[in-house]
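Coordinate inspection notes
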Amino acid sequence: ASFHAAKAVITMSEWAAASVCQDYGVPRNRVHVVPGGANLDETALALVPPTPVPQPPSPQHPLRLGFLGKEWERKGGPFVLAVAEALQRFGVPAQVRAIGPEAKALPSHPLLQPLGFINKRTQMAEFVSEVRSWHFGTLFSSSEAFGISNRECLRLGVPVLTHAVGGIPSTLHGHGCGQLFSAHPSPETVACWLHDRLSPYSAYQELRRELQQRAVEFSWGMAVGKLKEILE
């Protein structure tokens with residue numbers, strides 16, 4: 001009843017909007033999608049100095065795949081490790097850097113580097129420096145209503161690898177965000193895409209530069225502006 005009485009229903013993803021229309025019968029012209037922004041303090045973020053683009057993958061500096069979130073299993077951590085293993089087989093040195101889970105909750109694996117919890121409120125510079133050192137953030141969840149971690153990576157100018165589950169597709173928009181794969185790809189599919197995308201490395205560097213130029217699009221400030229337009 002509340003949905004039908006509302007002049008506008010606002011969701012964070014197309015997946016949720018489709019549910020409002022199909023499950024509750026709300027006309028599509030009254031349902032709006034406004035993706036949420038990165039949960040980062042913009043004032044603190046502005047004080048963090050720029051960070052150079054990561055170096056090309058090498059034995060000394062492996063390709064960094066970032067994992068951000070507490071739920072290692074649900075958010076696809078084991079799959080990201082499998083991608084790193086596939087990259088190694090393709091001759092691309094790789095590692096997975098995990099922010100969020102406690103080390104004791106993670107498997108012991110030579111390609112996994114647990115970083116534990118990094119408090120964005122008190123350790124903003126450390127958090128930003130770590131995320132910007134990644135070549136790609138990742139989110140291969142078994143279920144996901146949206147995926148704020150993708151928005152945080154993109155806000156920091158880091159492209160993401162993810163797949164089309166739940167509301168995840170709405171976390172990306174425009175050119176240069178990384179890659180949205182069909183749901184549940186094989187590790188080899190993702191590894192092949194990475195192998196091709198990183199050669200020549202100058203193309204990857206240009207992708208980072210382009211994404212950095214539009215990074216503010218993934219902030220809550222941008223989302224609030226869109227909400228204001230709808231509510232007015």
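The structure reproduced in this document is the subject of the present report. (Residues numbered from 1 in each chain as written. Predicted model: local features only at pLDDT ≥ 70, side-chain atom pairs only at ≥ 80, totals over all residues. Heavy atoms only, no water.)

1. Overview of the overall build of the protein chain
- Scanning the protein chain from N- to C-terminus turns up nine helices and eight strands.
- Taking 2.2 N^0.38 as the reference for a compact globule, 232 residues should give roughly 17 Å; the C-alpha atoms of the protein chain span a radius of gyration of 18 Å, in line with that estimate.
- Oriented by its inertia axes, the alpha-carbon framework of the protein chain measures out at about 60 × 40 × 35 Å.
- Considering the protein chain as a whole, with its 232 residues, one finds that 48% of them fall into the buried category.
- Of the contacts formed within the protein chain by residues at least 6 apart in sequence, a portion of 62% connects residues at least 24 apart.
- Of the accessible surface of the protein chain, which amounts to about 11,200 Å², a share of 55% is contributed by carbon and sulfur atoms. (Helix = DSSP H or I, 4+ residues; strand = E, 2+ residues; numbered from the N terminus. Rg over C-alpha atoms; globule rule 2.2 N^0.38 Å. Buried < 20%, exposed > 50% of the residue type's maximum accessible area, 1.4 Å probe, protein only. Contact = heavy atoms within 4.5 Å. Areas by Shrake-Rupley, 256 points an atom, 1.4 Å probe, with all protein chains shown as cover.)

2. A closer look at a nonpolar patch on the surface
- There is a patch of nonpolar side chains on the surface, built from Met12, Trp220 and Val224 and spanning about 250 Å² of accessible area.
- Mapped onto the elements of the fold, valine 224 is located in helix α9 (residues 220–231).
- Valine 224 sits in the partly exposed class, given a relative accessible area of 48%. (Patch = residues over 30% accessible without salt bridge, like charges linked within 9 Å, V, L, I, M, F, W, Y side chains within 5 Å. Salt bridge = Lys/Arg side-chain N within 4 Å of Asp/Glu carboxyl O.)

3. Some thoughts on the nonpolar core
- Residues Leu65, Leu87, Leu161 and Leu194 are the most contacted members of the largest nonpolar core, which totals 29 residues.
- Contributing elements (two or more residues each) for this core: β3 (63–68), α4 (77–89), β4 (94–99), α7 (187–197) and α8 (201–213).
- The element contributing the most residues to this core is α4, with seven residues.
- One finds Val48, Val131, Cys153 and Phe218 within the second-largest nonpolar core, a separate group that totals 21 residues. (Core = buried A, V, L, I, M, F, W, Y, C linked by side-chain atoms within 4.5 Å.)

4. Overview of the environment of proline 52
- Along the polypeptide, proline 52 turns up in the loop between α3 (42–46) and β3.
- On the basis of relative accessible area, proline 52 is assigned to the exposed category, the value being 63%.
- Note: C-alpha distance between proline 52 and alanine 223 (171 residues apart in sequence) is 27 Å.

5. So, the side chain of histidine 135
- Along the chain, histidine 135 falls in the loop between α5 (124–132) and β6 (136–139).
- Separated by 2.8 Å, the side chain of histidine 135 and the backbone oxygen of glutamine 55 make a polar contact.
- Discounting residues that sit within four places of it in the chain, histidine 135 has contacts with Pro54, Gln55, Pro57, Pro62, Leu63, Arg64, Val158, Pro159, Tyr201, Tyr204 and Arg208. (Polar contact = N/O pair within 3.5 Å; in protein donor to acceptor, adjacent residues only side chain to side chain.)

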